[in-house]
Amino acid sequence: MTQNRADSLIAADVVQLLGTHGQASQVLAQVTDGHVVLRGDVPSAEVAADIRARIQALIGVRGVDSRLQVDSGSRAFGEPGQAVRDNPDGDSAVLAAEAELRPRR
């Protein structure tokens, strides 16, 4: 039987777990009514399964919806030998926002 716990306490445990995992730096989590939704990129299916299992084992977690995607880094960094892009998704709004943050000379 799953123990009832506040979402904020579950979220704190999830953040700590992800922060100490080593291969979960690109993973975001959302907790609602004890259900955890995971989004982001991981290097392998094994890592995704490990993260999911560890989070499912946390006290108060009622379920885990893993929307993790396996990516060796090519999506963010390009294929080996290709140039690195600042904006892999091609969203010009991101570029505009970054431009506004740059100091004026």
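The structure presented is a predicted model; accordingly, all values stated were derived computationally and were not measured.

Attention now moves to the confidence of the model for the protein. Counting all residues, the mean pLDDT for the protein is 82, and 67% of those residues have values of 70 or more. Across the protein, element-level confidence peaks in helix α2 (residues 45–56) with a mean pLDDT of 96 and bottoms out in helix α4 (residues 92–101) with 50.

The next subject is the sheet that holds strand β3 (residues 63–70). The strand order β1-β2-β3 describes an open sheet built from three strands, whose pairing is mixed. Bordering the open sheet on either side are β1 (27–32) and β3, each of which pairs with just one other strand. Taken pair by pair, the neighbouring strands of this sheet meet at an average axis angle of 10°, ignoring direction. As defined by bridge partners, β1 adjoins strand β2 (residues 35–42) across six bridges and the pair is classed as antiparallel. Residue pairing in the sheet places Val-27 in a bridge with Gly-40 of β2.

In an α-helix, one turn spans 3.6 residues, which is why side chains three or four residues apart end up on the same side. Taking 1.5 Å of rise per residue, 15 residues should cover 21 Å, and helix α1 (residues 7–21) covers 21 Å from first to last C-alpha, within 8% of that figure. For α1, the set of buried residues is Ile-10, Val-14, Leu-17, Leu-18 and His-21. Considered in projection along α1, the buried side chains sweep an arc of 95° and stay on one side of the axis. In α1, those exposed residues whose orientation departs by more than 90 degrees from the buried face are Ser-8, Val-15, Gln-16, Gly-19 and Thr-20. Structurally, α1 contributes buried residues whose contacts are with β1, β2 and α2.

Judged by nonpolar contacts, the single largest core of 18 residues is most densely connected at Leu-18, Val-27, Val-36, Leu-38, Ile-51 and Ile-55. Apart from the residues lying within four places of it in its own chain, the contact partners of Val-36 are Ile-10, Val-14, Ala-29, Gln-30, Val-31, Ile-55, Val-61, Gly-63, Val-64 and Asp-65.

Right, let's talk about the environment of Arg-52 for a bit. Assignment of secondary structure puts Arg-52 in helix α2. Here the alpha-carbon distance between Arg-52 and Val-64, two residues twelve residues apart in the chain, equals 6.7 Å.

What follows covers the pattern of salt bridges. Taken as a whole and assessed by the stated rule, the structure comprises three salt bridges. Close ionic contact of Asp-13 with Arg-5 constitutes a salt bridge, the shortest N to O distance being 2.7 Å. Of the residues examined, Asp-13 reaches a relative accessible area of 24% and is grouped as partly exposed. For Arg-5, a relative accessible area of 25% puts it in the partly exposed group.

The rules behind these values
- Sequence order as written defines the numbering, with residues in each chain counted from 1.
- In view of the model being predicted, local features appear only for residues whose pLDDT reaches at least 70, and side-chain atom pairs are presented and counted only at 80 or more, with totals across whole chains, interfaces and linings using the full set of residues.
- Note: side-chain values were computed over all heavy atoms of the structure, leaving out hydrogens and water.
- Each residue carries a pLDDT score, the predictor's own confidence in it, on a scale running from 0 to 100.
- Where helices and strands are cited, they refer to DSSP runs of H or I of at least four residues and of E of at least two residues respectively, numbered from the N terminus.
- Two strands form a pair only when DSSP identifies at least two bridges running between them.
- For helices, the axis comes from a line fit to the C-alpha atoms of the stretch in contact; other axes are also lines fit to C-alpha atoms, and the angle between any two N-to-C directions lies between 0 and 180 degrees.
- A helix is expected to span 1.5 Å for every residue after the first.
- When accessible area is computed with a 1.4 Å probe and restricted to protein chains, residues below 20% of their type maximum are described as buried, those above 50% as exposed, and intermediate ones as partly exposed.
- Each direction from the helix axis to a C-beta atom contributes to the arc, which is the arc of those directions.
- Residues are treated as being in contact if the distance between any of their heavy atoms lies within 4.5 Å.
- Only buried residues count toward a nonpolar core. Its members are Ala, Val, Leu, Ile, Met, Phe, Trp, Tyr and Cys residues joined through side-chain atoms within 4.5 Å.
- Whenever Lys or Arg places a side-chain nitrogen within 4 Å of a carboxyl oxygen from Asp or Glu, that contact is recorded as a salt bridge.

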